[in-house]
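# Results of the structural survey
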Amino acid sequence: MSASDTPKRSMRTPLGRVRNLGAAHSGTSDFWRQRLTAVAMTLLMLPVIVVVMMTLGSNQAGAKVILGSLPVAIIMMLFIVASAWHMKIGMQVVIEDYVHNEKLKLVSIMLNNFFSIAVALASIYAIIKISSGV
């Protein structure tokens, strides 16, 4: 029997080895989602900066005209969704790493989720309201 024939000793269950999941049972999905949102925000950063600079010298009516454009509204909403999702994942990682009380950790993660969703929805609502002219 050669060394390659002997089974490796591992603390992981056979199902865990098949799925290639770590102790958190989530694999690297959060890692990749955070990288994906970072790339999305990086790509959207230049258009968002251009929109903000276009609105700097404008009064409220001028800003409404700029932000009321459909392409601008779509760019802003994509940036908001990517930012809110990135924020949610980042704060969740911090909470999971540094909050050791399980009940407090659960409440903190729930509040983080609600806060991220509330920020995204309020921002999207504002953009839709401005872009629809209401």
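As recorded in an unreviewed UniProt entry, the protein goes by Succinate dehydrogenase hydrophobic membrane anchor subunit and comes from Bradyrhizobium campsiandrae. What UniProt records for the protein under Pathway (unreviewed entry) is the sentence "Carbohydrate metabolism; tricarboxylic acid cycle." In its Cofactor (unreviewed entry) section, the UniProt entry covering the protein states "heme".

## Describing the nonpolar core
The nonpolar side chains of a soluble globular protein tend to be buried with one another. Counting 13 residues, the largest nonpolar core has Val51, Met76, Phe79 and Ile127 as the members making the most contacts within it. Sorting elements by how many residues they give to this core places helix α4 (residues 70-98) first, with six residues. In contact with phenylalanine 79, other than residues within four places in its own chain, are Met41, Leu44, Met45 and Val48.

## Focus: the side chain of glutamine 34
Here glutamine 34 is to be found in helix α2 (residues 29-56). With sequence-adjacent residues up to four places away left out, glutamine 34 is seen in contact with His86, Ile89 and Gly90.

## Some remarks on the pattern of salt bridges
All told, the structure shown has two salt bridges when counted by the stated rule. With its nearest N and O atoms 3.6 Å apart, the salt bridge here joins aspartate 30 to arginine 33. On the criterion of helical spacing, the pair formed by aspartate 30 and arginine 33 is a turn pair, its members being three residues apart in helix α2. A salt bridge links lysine 105 to glutamate 102, with the nearest nitrogen and oxygen atoms 3.6 Å apart. Within this pair, lysine 105 and its partner glutamate 102 are both found in helix α5 (residues 102-132), separated by three residues, close to a single helical turn. By relative accessible area, lysine 105 is classed as buried at 17%. Among the residues examined, glutamate 102 registers a relative accessible area of 55% and is labelled exposed.

## A short note on the packing of aromatic side chains
Here the structure, examined in full by the defined rule, presents one aromatic pair. Ring centres 5.3 Å apart and planes at 85° place the aromatic pair phenylalanine 31 and tryptophan 32 in the edge-to-face group. A relative accessible area of 55% means that tryptophan 32 is categorised as exposed.

## Here we look at α2
Over its 28 residues, α2 runs 39 Å from end to end, which matches the ideal 40 Å to within 8%, given 1.5 Å per residue. Along α2, the largest kink reaches about 40° and is centred on methionine 45; proline proline 47 follows within four residues of it. Among all positions in α2, only Gln34, Thr37, Met41, Leu44, Val48, Val51 and Thr55 are buried. The secondary structure elements touched by the buried residues of α2 are α3 (60-67) and α4.

Conventions used here
Residues numbered from 1 in each chain as written. Predicted model: local features only at pLDDT ≥ 70, side-chain atom pairs only at ≥ 80, totals over all residues. Heavy atoms only, no water. UniProt positions renumbered as here; feature names shortened; annotations may be inferred. Core = buried A, V, L, I, M, F, W, Y, C linked by side-chain atoms within 4.5 Å. Buried < 20%, exposed > 50% of the residue type's maximum accessible area, 1.4 Å probe, protein only. Helix = DSSP H or I, 4+ residues; strand = E, 2+ residues; numbered from the N terminus. Contact = heavy atoms within 4.5 Å. Salt bridge = Lys/Arg side-chain N within 4 Å of Asp/Glu carboxyl O. Phe/Tyr/Trp six-rings, centres within 6.5 Å; stacked < 30°, edge-to-face > 60°. Expected span 1.5 Å × (residues − 1). Bend = angle between axes of the 7 residues up to and from the residue.

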